[in-house]
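Letter by letter, the chains look like this.
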Amino acid sequence: MNMTSHFSVYLKSIFVLGIMIAFHSCSTSQVRDNERNNDTNAIKDTTEIEVEQPKIYTVDYLLGKFTPESDTNFIEIPAKYCSRNGMLMRREAFGAFKEMFEAAETEGVNLKIISATRNFNYQKGIWERKWTGKTLVGGKDLSNTPGKERALAILKYSSMPGTSRHHWGTDIDLNELTNSYFEAGEGLIVYQWLLNNAPNYGFCQPYSEKGEQRPNGYEEEKWHWSYMPLSEELTEAYKERISYDMIKGFKGDETAKEIEVIKKYVLGINSQCIAP
Ligand SMILES: [Zn+2]
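Parameters and conventions
- Residues numbered from 1 in each chain as written.
- Predicted model: local features only at pLDDT ≥ 70, side-chain atom pairs only at ≥ 80, totals over all residues.
- Helix = DSSP H or I, 4+ residues; strand = E, 2+ residues; numbered from the N terminus.
- Buried ≥ 20, exposed ≤ 12 C-beta atoms within 10 Å, placed from the backbone.
- Contact = placed C-beta atoms within 7 Å.
- Pairing = 2+ DSSP bridges.
- Axes fitted to C-alpha atoms, helices over the stretch in contact; angles between N-to-C directions.
- Expected span 1.5 Å × (residues − 1).
- Arc of directions from axis to C-beta.
- pLDDT = per-residue confidence, 0-100.
- Core = buried A, V, L, I, M, F, W, Y, C linked by C-beta atoms within 7 Å.

Asker: What am I meant to see in the overall build of the protein here?
Answerer: Within the protein, the secondary structure is distributed over 10 helices and six strands. Per-residue burial over the protein gives 31% buried out of 276 residues. Within the protein, contacts between residues at least 6 apart in sequence are counted, and of these 72% link residues at least 24 apart.

Asker: Is there a simple way to think about the sheet that holds strand β3 (residues 113–115) in this case?
Answerer: What links the strands of a sheet is backbone hydrogen bonding, and the strands pair in either a parallel or an antiparallel sense. Here four strands make up an open sheet; going across it, the order is β3-β4-β6-β5 and the pairing antiparallel. Both outer strands of the open sheet, β3 and β5 (203–204), are each paired with one neighbouring strand and no more. With two bridges connecting them, β5 and strand β6 (residues 224–227) associate as antiparallel partners. Bridge pairing in β6 links phenylalanine 203 to tyrosine 227. Together, β4 (171–174), β5 and β6 form the strand contacts of helix α8 (residues 228–241), whose direction differs from that of β6 by roughly 85°.

Asker: Before we go on, may I ask you to explain helix α4 (residues 91–106) in this structure?
Answerer: Side chains three or four residues apart in an α-helix point the same way, a direct result of the helix having 3.6 residues per turn. Compared with the 22 Å implied by 1.5 Å per residue over 16 residues, the 23 Å span of α4 between its first and last C-alpha is a close match. The set of residues buried in α4 consists of Ala93, Phe94, Ala96, Phe97 and Met100. With its buried residues spanning 160° around the axis, α4 presents them on a single face. Exposed side of α4, more than 90 degrees from the buried face: Glu102, Glu105 and Thr106 are the residues found there. Just past α4, the residue glycine 108 takes up positive phi, approximately 75°.

Asker: Would you mind going over the pairing of β4 with me for this structure?
Answerer: Walk down a regular strand and you will see the side chains alternate between the two sheet faces. Where β3 lies against β4, two bridges are found, and the strand directions are antiparallel. Pairing of isoleucine 113 across the sheet is with leucine 174, part of β4. Bridge analysis of β4 against β6 gives three bridges, and the strand direction is antiparallel. Looking at β6, one finds that aspartate 173 is bridged to histidine 224.

Asker: Would you explain unusual backbone geometry in this entry?
Answerer: Trans is the prevailing form of peptide bonds, just as negative phi is the prevailing case for residues other than glycine. Even without being a glycine, asparagine 175 presents a positive backbone phi close to 65°. For asparagine 175, the position within the fold is in the loop between β4 and α7 (185–197). For glutamate 260, which is not glycine, the phi dihedral falls at a positive 50°. Mapped onto the secondary structure, glutamate 260 falls in the loop between α9 (255–258) and α10 (261–266).

Asker: Sorry, what's going on with the environment of tyrosine 157 here?
Answerer: Summarising the element assignment, tyrosine 157 is placed in the loop between α6 (147–154) and β4. Note on tyrosine 157: 15 C-beta atoms within 10 Å, which makes it partly exposed. Distance in space between the C-alpha atoms of tyrosine 157 and tyrosine 218 is 7.6 Å, their sequence separation being 61 residues.

Asker: What am I meant to see in the environment of isoleucine 172 here?
Answerer: Along the polypeptide, isoleucine 172 turns up in strand β4. What makes isoleucine 172 buried here is the crowd of 28 C-beta atoms within 10 Å. Between the C-alpha atom of isoleucine 172 and that of alanine 116, which follows or precedes it by 56 residues, the distance is 4.6 Å. Each residue touching isoleucine 172, except ones within four places of it in the same chain, is listed here: Met89, Phe97, Ile113, Ser115, Ala116 and Trp225.

Asker: Explain α7 here, please?
Answerer: The end-to-end C-alpha distance of α7, which contains 13 residues, comes to 19 Å, matching closely the 18 Å that a straight helix rising 1.5 Å per residue would cover. Buried residues of α7: Val190, Tyr191 and Leu194, and no others. The buried residues of α7 occupy one face: seen down the axis, they fall within an arc of 95°. Those residues of α7 that are exposed and angled more than 90 degrees off the buried face are Gly185, Gln192 and Asn196. Where α7 is buried, its residues contact β6.

Asker: What is the right way to look at the confidence of the model for the protein in this model?
Answerer: Close inspection of predicted coordinates is inappropriate for parts of the model with low pLDDT. Scored by pLDDT, the protein has a mean of 86; 80% of the residues are at 70 or more. This model gives residues 14–53 a pLDDT under 50, and the stretch forms one contact once residues within four places in sequence are excluded.

Asker: How should I be thinking about the nonpolar core in this particular structure?
Answerer: Generally speaking, nonpolar side chains in soluble globular proteins are found buried as a group. Counting residues in hydrophobic clusters, the biggest one holds 51 residues, and the most contacted among them are Ile77, Met89 and Phe203. When neighbours within four sequence positions are excluded, methionine 89 is seen to be in contact with Phe74, Ile75, Ile77, Phe94, Ala116, Thr117, Gly169 and Ile172.

Okay, structure coming up:
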């Protein structure tokens, strides 16, 4: 190698080094720009990530095995909208309810949430008091009734732990827990208003009248309304991910499969509340 070649290698090295420095400082200044705009970018990035990532519903969430009080997706319902303190809902569902509440109010219709999120342990308490006869079911002590029959009797009024839509924070009970309230007087006006307007806010009645359209599952509940933009995805996730062996941890759990509680009760809902 002569002097000229040495010189040309030297020049090339300088050139490559120069490019490296140029790229390095470019990326460094990019980082600084990002740091400078930190606040706006952070908000923007988080939003983009939430939109792009698939929504993952854990098995524990679907079964209600979590503490909504310590979950940031949940919000406590302000006193104005409910009958007692300490009730929680998924934030988006409450946002939609609030709009519906205000629209109803301007038309003289009063909506009041009387029950919202109930987790697995809460539902287990209700179920087991009925299972053991501590709470009467339709005026009867069921503690000596055979398992399947006992479970079916409780299911006329209460969900089996792990199978309730109230676990999800998307479903609420309004005004009164009787169909008769919604069939006359003020209750009928409320119900008519909900039938006409609730779908505009994303709410539907999952336990509609039983019959050809809905042959299985819970009896009609005119008070129970579900925020579909979330709950139809959750219903779908439940169908795909939950199996009968996961519904356990309470007295009488062995009846879950026998009575096909997923097929007939969890999925036995108004077809208008299910994604097409
Ligand atoms: Zn309910």
